[in-house]
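Fold and geometry: a report
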Amino acid sequence: MSFWHFLQQNWPELLQHLREHLWLVFISTLIAVAIGIPTGILLTRKKSLRSPVLGIANVMQTIPSLALFGFLIPLPFIGGIGARTAIVALVLYSLLPIIRNTVTGILGVDANVREAAVAMGMTGRQVLWQVELPLAMSVIITGVRVALVIAIGVTTIAAAVGAGGLGVFIFRGIRQFDNNLLLAGAVPAALLALIADFGLGLLEGRFSAVRRRKTATASRRKGFAVAAITAIAVALVTGIYLGSRDSGSHSAQSQKGHVVVGSKDFTESALLGEIVAQMLEARGMAVERNFELGGNLPHDALLAGKIDLYPEYTGTAYTAILKHPPVTDPRTVYEQVKKEYAEKFNVAVSEPLGFDNTFAILVRGAEARRLKLKTISDAVPYAQNWRAGFGQDFMSRADGYPGFVKAYGLKFAEQPREMDLSLTYIALASGKVDLIAGNSTEGRIAALDLFQLEDDRHYFPPYEAVYLVRNDSLSRLPALSEVLGKLAHAIPTEEMRQLNYEVDANKRGQAEVVREWLKRKGF
Amino acid sequence: MTESADKPLVEFRDVSFSHGSTPIISHLTFAVQQGETLVMLGESGSGKTTALKLINRLLLPNSGQVLVENKPTTEWDPIRLRRRTGYVIQEGGLFPHFTVEKNVGLVPALERWGEDKIKNRVNELLSIVGLEPNEFAGRYPGELSGGQRQRVGVARALAAEPPLLLLDEPFGALDPLTRASLQREFIDISKRLKKTAVFVTHDVREALLLGSRIGLMHKGELLLLETPENFLKSKNKQALAYQETLTLAPLNSDPVEGRA
């Protein structure tokens, strides 16, 4: 499918994400301006505050956006999942350039001019509004311009906390190895950034032209003022319009009979989320989907009550959440997880769904056939010439990288590359790395001709798929127990891999694939 | 003005001012009479600009009193005091984002004069300082020459008819010819408008030309305060040094003698 064909087909969705994106950028920049400019003015008056405040704003900007989102989710009022969290994060990122340029702009006003203003008998307020702010305006606008471009970029990450925007396409594109999706997110975001930069560049030029010689005349200034006011008015109206749409779609959150289903940010998890979502919808419930939550975000969101349930793997819960050393007996792991989640988090664990998604140590199929590799032990002698690429998850978990290389006595040519899990498959298939740790039910294993090496030393603990559900959600929504009961032991490994394959390799919609599967199963 | 003519408009009474621990002005006592142009002459760092800023309360003395219209500056509302005091600095200190008209009409606008009254006043003032209102009112400072900017600066200082003008080396950055013509016009204007002015300069010729009296500042002290005639007769060491520059100048301009 060509990119243009793709755009034509997905036009309404693209427009929707574009609107979400614009709204997030607009509202967060507006708030950042409302906070940043007064703060900047204050800092020009109080010298002692200057370096601490600028320091804090500086540190804000260095926090990686995903980390900031993760930190915000469990916080009351400003946190959670959705637009609000994204806006808080975006405002924090936008503050520094605005504050810094306000300070620089005002302090940069010619001392003679300021002295003349005071000596003419202007009050402090008149000096600020009639002299300092107008003369600093082009520098301040430069700050807003930088903030705006940053916000447009960071907003693509907002999709990780379910705020929508063009990032939805990008995340989905990376996960599904689909360049059309990637481009559909990246190109409009880049265009937005260019347009915003250019537009504010013009505005900035007009303001600084006023200070320079020869060109400016009263009539041109008036024309400019009219244009600026019109532009602001249009932006405001658009913003309010988008705002009303946005709040309309989010206001249902706290209603009764309303379920929020979460999932992690990869296809299988989203499919498992979709399965429950459709079954609940078939029982007449309103379902909100908060899929594509990265890292430990779904766990935090569940405990914070932002979602009612999400699919998880017993081994992940056992080692990554409960921090136990890995063990290999599936029964022990399941029982322990069930007990501790009930005690610690008041969260129920469903019956296993019937398949195990363990780490799959993968190499290229051609390589495996050439070297006659079957097990991980077979690969050990070759590994010293190989590069490895692992997801952030695998590198940091107790049952991940450190124990894995120790158990097999593995050594690689260089320190493994740590990267996004979805990207590792592509990196392996294209020869950028030679060994990765994927998921055993990953649909792309067959699609990309990858080979799974057998875990002959039984290092990896069991990863049985289950749903984690808040106990209060179970008592609030009786239909939930019934649905989860039906799904117990209902999804064998082959079927899960097939579902993944339909979405990842055949590029079919999740909802459609799930609908067919439910029909076949008679649910 | 209701005060009698012999009462000084500005009076310094044993005024000292220091910046941190560095003394800038020490024990300054003198008075500025109604209608005179008092020139403060001195080299950089002599404290003459500081003395000027003490008058319109841009600075407050550490000890002693500065009185304007018989009232200590500490008791003046600084905004009222400054609006009654015209202030001209080098390059004029014009607001680059205001037109000439708005620059000149600034203090009247701050004083909430009516629009027509401001406009008439601006036109009148521009004519006084030799700028054709129709041509210059709509221009920005960036579109003016240095001399024109300085004229606008003087017009702005005169706008709300202040009884007192303070000028801090207003013509310092101009070329000699423009400076000479502005000096002549300043004499003309101050005679016509009967303004009281305190004029700061480091140029002894300018001081002799413009001052009804010359106050010689050196290292924060007032060495003498005399009419131009008496200044030229003074045997004070600093005054002699200034007198010498007047006589040396033509010698230096002679190529042969200058090299000897």
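Report follows, based on the coordinates. (Residues numbered from 1 in each chain as written. Chains lettered and ligands numbered in written order. Predicted model: local features only at pLDDT ≥ 70, side-chain atom pairs only at ≥ 80, totals over all residues.)

**Digging into the overall build of chain A**
The secondary structure content of chain A amounts to 24 helices and 10 strands. Per-residue burial over chain A gives 45% buried out of 523 residues. Of all intrachain contacts in chain A linking residues separated by at least 6 positions in sequence, the fraction that spans at least 24 positions is 77%. (Helix = DSSP H or I, 4+ residues; strand = E, 2+ residues; numbered from the N terminus. Buried ≥ 20, exposed ≤ 12 C-beta atoms within 10 Å, placed from the backbone. Contact = placed C-beta atoms within 7 Å.)

**What to know about the overall build of chain B**
If you tally the helices and strands in chain B, you get 12 helices and 10 strands. Going through the 260 residues of chain B one by one, you find that 42% of them count as buried. By sequence separation, contacts in chain B at least 24 residues apart represent 66% of the contacts at least 6 residues apart.

**Points about the sheet that holds strand E5 (residues 71-72) of chain B**
All names here are of chain B. Ordered in space as E2-E1-E4-E5, the four strands form an open sheet in which the pairing is antiparallel. Looking at the sheet topology across the chains shown, the edges are occupied by strand E2 (22-32) and E5. The pairing of strand E1 (residues 10-19) with strand E4 (residues 63-68) spans five bridges and is classified as antiparallel. Following the sheet pairing, Ser16 is matched in E4 by Ser63. (Pairing = 2+ DSSP bridges.)

**Topic: the nonpolar core**
One finds Leu24 and Leu468 of chain A together with Val198 of chain B to be the most contacted residues of the largest nonpolar core, which totals 178 residues. When residues of this core are assigned to their parent elements, the largest contribution, 15 residues, is made by helix H5 (residues 83-107) of chain A. Viewed by domain, this core spans two of them, domain 1 (3-215) and domain 2 (260-356 + 471-521) of chain A, each represented by three or more residues. Each residue touching Val198 of chain B, except ones within four places of it in the same chain, is listed here: Val10, Val32, Leu38, Met40, Leu52, Ile55 and Leu166 of chain B. Within the second largest apolar cluster, 22 residues are counted, among which are Phe390, Leu410, Leu435 and Ile445 of chain A. (Core = buried A, V, L, I, M, F, W, Y, C linked by C-beta atoms within 7 Å. Domains from an automatic or database assignment.)

**Brief notes about the sheet that holds strand E9 (residues 213-218) of chain B**
Hydrogen bonds along the backbone pair up the strands of a sheet, which may run parallel or antiparallel. Residues and elements named next belong to chain B. Read from one edge to the other, the open sheet built from six strands follows the order E6-E7-E8-E3-E9-E10, with strand pairing classed as mixed. Among the strands making up the open sheet, the edge pair consists of strand E6 (85-89) and strand E10 (221-226). When the angles between neighbouring strand axes are averaged without regard to direction, this sheet yields 15°. Relative to strand E8 (residues 196-201), strand E7 (residues 164-168) runs parallel, the two sharing five bridges. What sits directly across from Leu167, in E8, is Phe199. Here helix H7 (residues 146-158) sits on the sheet in contact with E6 and E7, set at roughly 165° to E6. (Axes fitted to C-alpha atoms, helices over the stretch in contact; angles between N-to-C directions.)

**Some points on the interface of chain A and chain B**
How big an interface is tends to be expressed through the accessible area that disappears when the partners come together. In this assembly, 20 residues from chain A lie in contact with 20 residues from chain B. Elements supplying a minimum of two residues to the side of chain A that touches chain B: helix H6 (111-119), helix H7 (124-155) and helix H9 (179-211) of chain A. With six residues, the single largest contributor to the side of chain A that touches chain B is H6 of chain A.

**Details of helix H1 (residues 48-55) of chain B**
All names here are of chain B. For H1, a buried count of seven out of eight residues is recorded, marking the element as mostly surrounded by other parts of the structure. Looking only at H1, the buried set comprises Lys48, Thr49, Thr50, Ala51, Leu52, Leu54 and Ile55. The first or second residue beyond H1 is Arg57, which carries a positive phi of 65°.

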